[in-house]
Amino acid sequence: MTKPLDPTETAGLVVAPQLPDILPDRKPLKGVVGFCRRNPSIAIGAFLLAIMFVMAIAAPYLWTVDPTALAPSRRTRIPSADYWFGTDMFGRDIYSRVVYGARISLIVGFSVAILASIVGLVIGLVSGMVRWADSLIMRVIDGMMSIPPILLAIALMALTRGSVGNVIIAITIAEIPRVARLVRGVVLTLREQPYVEAAIAAGTRTPMLILRHILPNTFAPMSVQATYICASAMIVEAILSFIGAGIPPTIPSWGNIMADGRTLWQVKPHIVMFPAIFLSITVLAVNLVGDGLRDVLDPRMAKKI
Amino acid sequence: MNAPHRHSGPVLEVNDLKKHFAITGGFLSTVVGHVYAVDGVSFAIERGETLSLVGESGCGKSTVGKAILRLFTITDGQVVLNGERIDELSDAALRPLRQRIQVVFQDPFSSLNPRMRVRDILAEPITNFGLAKNKGEIDARLAKLMDKVGLPRDAVDRWPHEFSGGQRQRIGIARALAAEPDIIICDEAVSALDVSVKAQIVNLLCDLQQELGLALLFISHDLAIVEHMTHRVAVMYLGKIVEIGTRDAIFSAPMHPYTQALLSAVPVPDPEASRERILLTGDVPSPINPPKGCRFNTRCPHAFDRCRSEEPKLRMMAEKHEAACHLHDLPASENPVRREYKNNG
């Protein structure tokens, strides 16, 4: 029953005034700047990590001296213009040792994250897809998880001699169960997703089903887990070196520097302090990236403060 | 295009289908019981026909659909597709036959892989079943599919999250059609959509059915929609079919007390209409431990001794109308559920 408005009828009506532009248009920032604005924790974490990477790669050019050069006459100096972070009980320059030590921490952290992700992904996929293998694999994983990762890594290192490669393998084995569990859980959820069932009905073979529908959807939770593993691996490496079960003492690593300074801790705290600060910053940076990544990839878990 | 082995009988037959899920517990995962989700269901669907499977939540309707699709192995019974038993086939032998049965799911958001473009989602069944030889043929088919479900052709290059629920459901239907099936199982296909979109999708399904001669197994709890679009109705309760018949028979002269209660709960868009409401008391009994005798006896307003001991079989009530209820053995004067067929315009 609509009829066109008669101009004589509308004459008496008050026309609502145009609303003023109270809210100016806010265009979301594009590009890197916008991304950093929206995800400050990733930006800060990535920035700190980038510094550590540059430091590790450019170690010989950052006014360092040979980190293993002994100089007994100049031992346990406190930080000064000549020795920025002081020297340890053998007179080695702690600044140079800390800068070179970044290499070990980053190599161990990222190698373990990548290796544990790959192996854990395969184990988790098999466990989630093959029903009869599941209970078997999961019992083994449960058994491994009942041992604290550090203890397991120490035990594994006790079986072999200390080297960077062995440390990486030992920590990887200790970290695999976490990835495998996560991937298995995700796979079990994905299998029940209607789009996976529709793909089965559409005649998709199992290998393709995994490749196309299941694997891509495990990457988001797995990459977040990988960052936590990376951070945890750096700490475990430092602990192993600290107790003398890790990297050989001849190679400067943050754990080794701390181990060397341990006995002098009460009189010369700077020996332990500098590697500890760098380790903390690096682990913090990796965790910041992980938290930010989790919020970006899974908005449901984002905690807005 | 593909050799359609046209077979004269029903496109799909289900004979005494059973699906019991084992409940495991304890240290060694020993079986401590079973969920009798589907416990002896039989029906047949003719070419171009819609059979609606209705019932409360948890009565096993969706399990029937998934059993036909062989998303799990069935416990017992037969699934016969175009005269050929498919429930015993190996996965590899079944794969080419999957082309004949497709599915549309309830939730339009989880039924499309968020990491695939519409093009890849729709091309999946086409390439799997070898319906196109090259990219050009695939593109031609995609365009045709998008036309059929009423979406713009260029939408194939978009991602699922760029569409609304109704549009996503159209993509889901297009994926089902892409395989050129004989039958589509619509598992609550419109339940998650709002009313106006629901009507569009139902009409789209009806149009496609007429155009392509599709059979539909329409699993739903929405009796208003079912009445609008179906040819026949099967009413399920606790894993069994209690009544099956043509739409007019079920809606005008239901013969099972459960069907009568279900129908009395459908809202009638007429404020003047007065009608008796049959209120069922209590909850659906657990399918882990279904009641003895007739499964409905715990909630049936007319249950008598025989219902608690003997399980009723489906029996012919009229032409193409079966119900499983002991009350029909009583003399007509004492039978509380006997209804006369109303003249259905």
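Residues numbered from 1 in each chain as written. Chains lettered and ligands numbered in written order. Predicted model: local features only at pLDDT ≥ 70, side-chain atom pairs only at ≥ 80, totals over all residues. Heavy atoms only, no water.

### Things to note about empty space enclosed by the protein
Picture a little ball the size of a water molecule; that probe, rolled over the atoms, points out where space is still empty.
Reasoning step 1: Inspection of every chain in the model, using the stated rule, returns 3 cavities of 30 Å³ or more.
Reasoning step 2: Of the volumes computed, that of the largest cavity is approximately 50 Å³.
Reasoning step 3: Considering the residues around the largest cavity, the lining is formed by Ala201 of chain A together with Ile68, Leu69, Ile86, Leu94, Leu97, Arg98 and Ile101 of chain B.
Reasoning step 4: For the lining of the largest cavity, a count of residues per class yields 7 nonpolar, no polar and 1 charged. (1 Å grid on protein atoms, 1.4 Å probe; cavity = no way out; pocket = protein on both sides within 12 Å on 5 of 7 lines; lining within 4 Å. Points joined across faces, edges and corners; volume = space filled by probe spheres on them. Nonpolar A, V, L, I, M, F, W, Y, C, P; charged D, E, K, R; others polar.)

### Quick look at the pairing of strand β8 (residues 215-220) of chain B
All names here are of chain B.
Reasoning step 1: Buried residues dominate β8, accounting for 6 of its 6 residues.
Reasoning step 2: Burial along β8 is two-sided: the face carrying Ala215, Leu217 and Ile219 and the face carrying Leu216, Phe218 and Ser220 are both buried.
Reasoning step 3: Where strand β3 (residues 50-54) lies against β8, 5 bridges are found, and the strand directions are parallel. Bridge pairing in β8 places Thr50 opposite Leu216.
Reasoning step 4: Where strand β7 (residues 183-187) and β8 come together, 5 bridges link them in parallel fashion. Bridge pairing links Ile184 to Leu216 in β8.
Reasoning step 5: Traced from β7 through helix α6 (residues 195-212) to β8, the parallel crossover comes out right-handed. (Buried < 20%, exposed > 50% of the residue type's maximum accessible area, 1.4 Å probe, protein only. Helix = DSSP H or I, 4+ residues; strand = E, 2+ residues; numbered from the N terminus. Pairing = 2+ DSSP bridges. Right-handed = clockwise from strand over helix to strand, strands pointing away.)

### Comments concerning the side chain of His326 of chain B
Residue and element names in this part refer to chain B.
Reasoning step 1: Turning to its location among the elements, His326 is positioned in the segment after β12 (321-323).
Reasoning step 2: A distance of 3.4 Å separates a polar atom in the side chain of His326 from a polar atom in the side chain of Arg306.
Reasoning step 3: A distance of 2.8 Å separates the side chain of His326 from the backbone oxygen of Glu310, its partner in a polar contact. (Polar contact = N/O pair within 3.5 Å; in protein donor to acceptor, adjacent residues only side chain to side chain.)

### Considering the interface of chain A and chain B
Reasoning step 1: Residue-level contacts link 17 residues of chain A with 21 residues of chain B.
Reasoning step 2: Buried surface at the junction of chain A and chain B, both sides included, amounts to about 1,700 Å², of which 55% is carbon and sulfur.
Reasoning step 3: Counting across the interface, chain A meets chain B through 2 salt bridges.
Reasoning step 4: A salt bridge links Glu124 of chain B to Arg212 of chain A; the nearest nitrogen and oxygen atoms lie 2.8 Å apart.
Reasoning step 5: Mapped onto the side of chain A that touches chain B, the elements with two or more residues apiece are α8 (194-201) and α9 (206-242) of chain A.
Reasoning step 6: Among the elements that make up the side of chain A that touches chain B, the one with the highest residue count is α8 of chain A (7 residues). (Contact = heavy atoms within 4.5 Å. Buried area = accessible area lost by both parts, 1.4 Å probe. Salt bridge = Lys/Arg side-chain N within 4 Å of Asp/Glu carboxyl O.)

### Section: the packing of helix α10 (residues 254-261) of chain A against helix α11 (residues 270-297) of chain A
Residues and elements named next belong to chain A.
Reasoning step 1: Following both chains from N to C, one finds α10 and α11 inclined at 150 degrees, their axes separated by 8 Å at the closest point. With respect to each other, α10 and α11 are oriented roughly antiparallel. Between α10 and α11 the crossing geometry is left-handed. Where α10 abuts α11, its residues Trp254, Ile257, Met258 and Gly261 lie against Ile271, Val272, Pro275, Ala276, Phe278, Leu279 and Thr282. (Axes fitted to C-alpha atoms, helices over the stretch in contact; angles between N-to-C directions. Parallel < 35°, antiparallel > 145°, perpendicular 65-115°, else oblique. Left-handed = near helix turned anticlockwise from the far one by under 90°.)

### Remarks on the domain arrangement of chain B
Residue and element names in this part refer to chain B.
Reasoning step 1: Split into domains, chain B comes out as domain 1 (1-47 + 60-230) and domain 2 (238-345).
Reasoning step 2: Put simply, the middle of domain 1 and the middle of domain 2, counted by C-alpha atoms, are 29 Å apart.
Reasoning step 3: In this assembly, 17 residues from domain 1 lie in contact with 13 residues from domain 2.
Reasoning step 4: Note on domain 1 versus domain 2: buried area summed over both sides is about 1,200 Å², and carbon and sulfur give 65% of it.
Reasoning step 5: On inspection of domain 1 and its partner domain 2, the count reaches 1 salt bridge.
Reasoning step 6: Between Arg295 and Asp39 there is a salt bridge; the shortest N-O distance is 2.5 Å.
Reasoning step 7: Applying the counting rule to domain 1 against domain 2 returns 5 residue pairs in polar contact (both at pLDDT 80 or more).
Reasoning step 8: Of all the secondary structure elements, the ones that give two or more residues to the side of domain 1 that touches domain 2 are β2 (30-45) and α7 (223-229).
Reasoning step 9: Top element by residues in the side of domain 1 that touches domain 2 is β2. It accounts for 10 residues.
Reasoning step 10: A class-by-class count of the residues in the side of domain 1 that touches domain 2 yields 10 nonpolar, 5 polar and 2 charged. (Domains from an automatic or database assignment.)

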